[in-house]
Amino acid sequence: TYQTATVQHCHIEVPVSFAYIEKGRIVVVTSTQIPHIVRRVVGQALGIPWGQVRVIKPYIGGGFGNKQDVLYEPLTAFLCTQVGGRAVKIELTREETLACTRVRHAIEFKVQAAVRADGTLVARKVEAYSNQGGYASHGHAIVANAINEFKQIYHDEKALKEDAYTVYTNISTGGAMRGYGIPQGAFAAEAMADDLAYAIGMDPYQFRVKNCMKEGYEDPHTHIKFQSYGLLQCMEKGKEYIKWDEKRKLYQNQTGPICRGVGMAIFCYKTGVYPISLETASCRMVLNQDGSMQLQMGATEIGQGADTVFSQMAAQVTGISEDKIYIQSTQDTDTSPFDTGAYASRQTYVSGKAIVKTGKILKERILEYAAYKLKREPDTMDVSDNFIIDKTSKEQLLSMVDLATEAFYSLDKSVHITAEATSHCKENTFSSGACFAEIEVDIPLGK
């Protein structure tokens, strides 16, 4: 039996929102990961058309899944309607955040496994019991994901039987938290891998190499494929870095109350929610008068570095350098393109596809204007490091500054060069990795 504990996200900024009425519409300003979803849920909760709701998400102080739920925004919106449209703010204390928002589910795993003397994993059985707390929130999806990890990261020669249960209890509600069930499932799978390796006298590293997810793996139920593979390479790098063989030999015959040891674990995690649910994202790019670019995403920066990655991707696709790309970190449902939000490690993979699609369109329009300006065919040119260049010779033909200024202010052909596109993502893949640790333990104290 393996158990994981309840964990709270402890983001620096507590859940906070305020709402007011402006020109007959409710405006909600909130610390959230999902502004477009908040808009829909507020409309549904108040029974009003969604277009009568505007949601603004400023740059926020963390979320990590806690703010993937719609929390108090509908209540804030409703209360402002009861005081003549004046602003109403709800800001939780840290104590209220711990008790009244979301936590990571505590899950108990009851596991049985059969293994051959040579380390071959023959069959496993797991029962997982997830402590949901008082309300549904993300509910059974978490424990389902946890036992998916169990299924995917190791492969059984004969059979695998899994049963998952979600139990309501009178504690804080379990919801989304970084990894979405994978940390719990990985803990159980990795603890089991160590116990089986020790039982047959096998090096835990070798046990994992023998039984772990292989290159080209396809989940038999979701049909998500491992489209790239670095798991074994990660394991090799970690083993080399921590001097695994040397330290296991060194620490083999320790005595006394304080001992040292090395350990490892592996993991895999799918990207986003396809094919279980919709994955869609949009992007907007606007060329400025000086050849720089405004980048707007409906996807949200919540401290995980999304804006950096989005800017890097936009630079790579368009040829406009990263320092000339100004990304809008505030989302506003009146002006930001639609995106379902920040969750499930989806944004680089899903929202990134929208950037690639939009960037190609913008680049095509830039080259069309360059063709008009330079009197040559668009397909003979490219954009690189803020210059229109000859595709073959790489000669710089025209700077983006000159092109953009001309496009805006030309008395002959004034064009505001913009692009916007939606990517409806209908594919998925896994990421994977390995963790290594060296620890010292005071055995009597358990410290």
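Residues numbered from 1 in each chain as written. Predicted model: local features only at pLDDT ≥ 70, side-chain atom pairs only at ≥ 80, totals over all residues. Heavy atoms only, no water.

A. Layout of the sheet that holds strand β14 (residues 381-384). Sheet architecture is open: three strands sit in the order β14-β15-β16, paired in antiparallel fashion. On the outer flanks of this sheet lie β14 and β16 (396-399), each paired with one strand and no other. Sheet twist, expressed as the mean angle between neighbouring strand axes with direction ignored, is 30°. Summarising the sheet, β14 and strand β15 (residues 387-390) pair through four bridges and their orientation is antiparallel. Bridge pairing links Asp382 to Ile389 in β15. The strands touched by helix α10 (residues 347-374) within the sheet are β14, β15 and β16, with β14 carrying the most contacts at an inclination of about 120°. (Pairing = 2+ DSSP bridges. Helix = DSSP H or I, 4+ residues; strand = E, 2+ residues; numbered from the N terminus. Axes fitted to C-alpha atoms, helices over the stretch in contact; angles between N-to-C directions. Contact = heavy atoms within 4.5 Å.)

B. Spatial organisation of the pattern of salt bridges. Evaluation of the coordinates by the stated rule reveals 28 salt bridges. For Asp163, the salt bridge goes to Lys161, with nearest N and O atoms at 3.3 Å. Here Lys161 falls in the partly exposed class, since its relative accessible area comes to 46%. Glu279 serves as the salt-bridge partner of Arg346, at 2.7 Å between the closest nitrogen and oxygen. (Salt bridge = Lys/Arg side-chain N within 4 Å of Asp/Glu carboxyl O. Buried < 20%, exposed > 50% of the residue type's maximum accessible area, 1.4 Å probe, protein only.)

C. Spotlight on the pairing of strand β12 (residues 325-328). Of the strand pairs in this sheet, strand β11 (residues 293-297) and β12 are connected by four bridges, and their pairing is parallel. Along β12, the bridge assignment pairs Gln296 with Gln328. Tracing the backbone out of β11, into helix α9 (residues 306-318) and back to the parallel element β12 gives a crossover that is right-handed. (Right-handed = clockwise from strand over helix to strand, strands pointing away.)

So far we have only geometry, and geometry alone does not tell us how the molecule works.
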